[in-house]
Structure formats: C-alpha cells, structure tokens
Amino acid sequence: MRTATNQRPIISSGILLGAGLGGFADGIVLHQILQWHNMLSSVRPPDDLVSMKYNMVWDGLFHAFTWLMTVAGLVRLWRAGLRADVPWSTRTLAGALLLGWGLFNSIEGLIDHQLLGIHHVHPGDHQLAWDLGFIASGLAMAAAGLALIRAGRTDATPRGAL
Amino acid sequence: MVVAAYRGMPRTIVSAAIVAGLNSLTSPCWACPSCPIGVTAREQVWSSGFAQQLAIVLAPFLLLSALCVAVESVGARPDRKP
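Q: How would you summarise the side chain of D85 of chain A if you had to cite specific residues and measurements?
A: Residue and element names in this part refer to chain A. Take D85: it is sitting in the loop between α2 (49-81) and α3 (90-115). For D85, a relative accessible area of 19% corresponds to the buried category. A polar side-chain atom of D85 sits 3.0 Å from a polar atom in the side chain of R83.

Q: Requested: an account of helix α4 (residues 127-151) of chain A, with residues and values cited.
A: Residues and elements named next belong to chain A. Here α4 contains 25 residues, and its C-alpha end-to-end distance of 36 Å stays within 8% of the 36 Å for a straight helix at 1.5 Å per residue. Among the residues of α4, D131, F134, I135, G138, M141, A142, G145 and I149 are the ones counted as buried. Where the residues of α4 are buried, they touch α1 (8-33) and α3.

Q: I'd like to hear about unusual backbone geometry, residue by residue, with values.
A: Residues and elements named next belong to chain A. One non-glycine residue, Q35, adopts positive backbone phi at about 55°. Its location among the elements puts Q35 in the loop between α1 and α2. Judged by its relative accessible area of 61%, Q35 is exposed. In this model, H126 sits at a positive phi of 60°, which is unusual for a non-glycine residue. Secondary-structure assignment places H126 in the loop between α3 and α4. You can call H126 exposed: its relative accessible area is 64%.

Rules behind the numbers
Residues numbered from 1 in each chain as written. Chains lettered and ligands numbered in written order. Predicted model: local features only at pLDDT ≥ 70, side-chain atom pairs only at ≥ 80, totals over all residues. Heavy atoms only, no water. Helix = DSSP H or I, 4+ residues; strand = E, 2+ residues; numbered from the N terminus. Buried < 20%, exposed > 50% of the residue type's maximum accessible area, 1.4 Å probe, protein only. Polar contact = N/O pair within 3.5 Å; in protein donor to acceptor, adjacent residues only side chain to side chain. Expected span 1.5 Å × (residues − 1). Contact = heavy atoms within 4.5 Å.

Here you go:
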C-alpha cells in the first residue's frame with residue numbers, strides 16, 4: 001500500500017480554511033446576529049445611520065477577506081488531494097482547521113482589540129475580560145489543533161488509496 | 001391573471017395594495033445605491049484614512065497567509081521513505 005507523509009499541504013490549507021471560516025463565524029455571530037461590535041465600532045461608534053453604514057462597509061470588507069481566505073484554502077486542499085505524497089487525514093485537517101481558527105482569533109484579538117483598539121468583543125463593563133477571554137479561547141483552539149495534527153502524524157494513506 | 005387572483009377581494013383593499021406598491025417604488029429608499037445616507041457613509045469610508053484602516057483589517061489575514069507559506073516552504077524536508 002502507498003504511504004504519504006507530507007502533512008504540510010493539508011496543514012496550510014486547513015489553516016487558511018480555518019481562518020476563513022472562523023472569520024465568517026466572528027462576522028456572522030458577533031457582528032450581525034448578536035451585534036456586539038462592528039469592525040471599527042470603537043473608532044466610529046454605530047450610534048447613527050451614517051455610522052452604522054460606515055461600519056457596514058468595513059464589515060463587508062472583512063467578510064470579503066474571509067471569503068478570499070476560504071477560497072484559497074479550498075484551492076490548496078483540492079491540489080493537496082491530487083498529490084500522492086499527502087496523507088488524506090481527517091485528524092490533520094481538523095487540527096489545521098482548529099489551528100487556523102484559533103490563530104486567527106488570537107492574532108485578530110491581539111492586533112484589533114488590544115494593540116489598536118478598533119473594536120472590542122463586548123464593549124462596556126468587563127470589556128478587557130471579554131477581550132482576553134477571546135484571545136485565550138483562540139489559543140486553546142490552536143493548542144487543540146496542534147495536538148490533533150500531532151496525532152495525525154501516523155495517518156499515511158493518500159486520498160486515492162482510501 | 002393578476003386581476004383574476006384578486007377577484008372576490010373588496011375593491012378598496014386591492015386598490016390600497018396597488019397604491020402602496022407604487023409608493024414603495026417612488027418613495028426614498030434607505031438601502032438603495034444612491035440614498036443620501038449611504039452615499040455619505042461610503043464617501044466617509046474613502047476619505048477617512050481608508051488605506052490605514054484597510055491595512056489594519058488585512059493584517060491578521062496577511063500574517064496567517066505568511067504562516068501558511070512558511071509551513072509549506074521553511075523547514076521543508078525531503079519526503080521520508082516508508
């Protein structure tokens with residue numbers, strides 16, 4: 001039976017897909033459904049219609065980038081599936097998805113919430129706790145993802161051989 | 001056919017619905033491409049540090065893309081033989 005040991009293409013495509021889908025989850029749940037924040041809501045609070053629409057444009061640009069990340073991940077995953085040296089491992093892909101989502105939340109939280117303060121997860125009382133919790137949840141997801149990727153190292157069956 | 005669908009309904013209700021529909025076509029619309037509030041908001045997006053804000057929004061995506069490139073290239077080892 002053929003064996004495949006090159007995990008890297010699956011990991012990179014999973015990171016891209018995880019970041020894209022994680023960004024969509026952030027935008028759909030926190031921006032639109034719960035309406036806790038918008039992309040620039042701490043710079044330009046959406047307290048009138050013009051400001052809401054201003055933030056809506058930036059939310060749209062955010063979603064455009066998450067869409068591009070998702071498409072890039074999908075393309076990479078498709079190409080990885082065509083290679084005989086890449087293991088078609090559910091654990092590796094699931095781990096990379098978690099890693100991508102977790103890293104995206106951590107980096108976005110660090111840059112946008114902590115360093116630049118363009119928005120906060122849940123503005124108001126206990127704002128810092130929400131922001132730190134968001135980063136911590138991202139790091140936990142990334143750690144879980146790394147553990148899954150590590151567990152998937154023993155998976156060595158390429159897609160065509162399944 | 002449209003008229004047939006409304007047959008049997010009081011004429012006042014039908015005419016009121018038609019008038020309401022026509023009004024919706026001509027009255028100011030807040031979600032249209034050229035409404036004053038939307039135009040103002042989009043103009044402000046472009047005129048208030050668009051490039052800087054775009055760089056901030058893009059930063060996490062660029063960092064993760066760079067990480068993916070690193071995963072693919074840096075530290076690449078020749079494939080192990082089974």
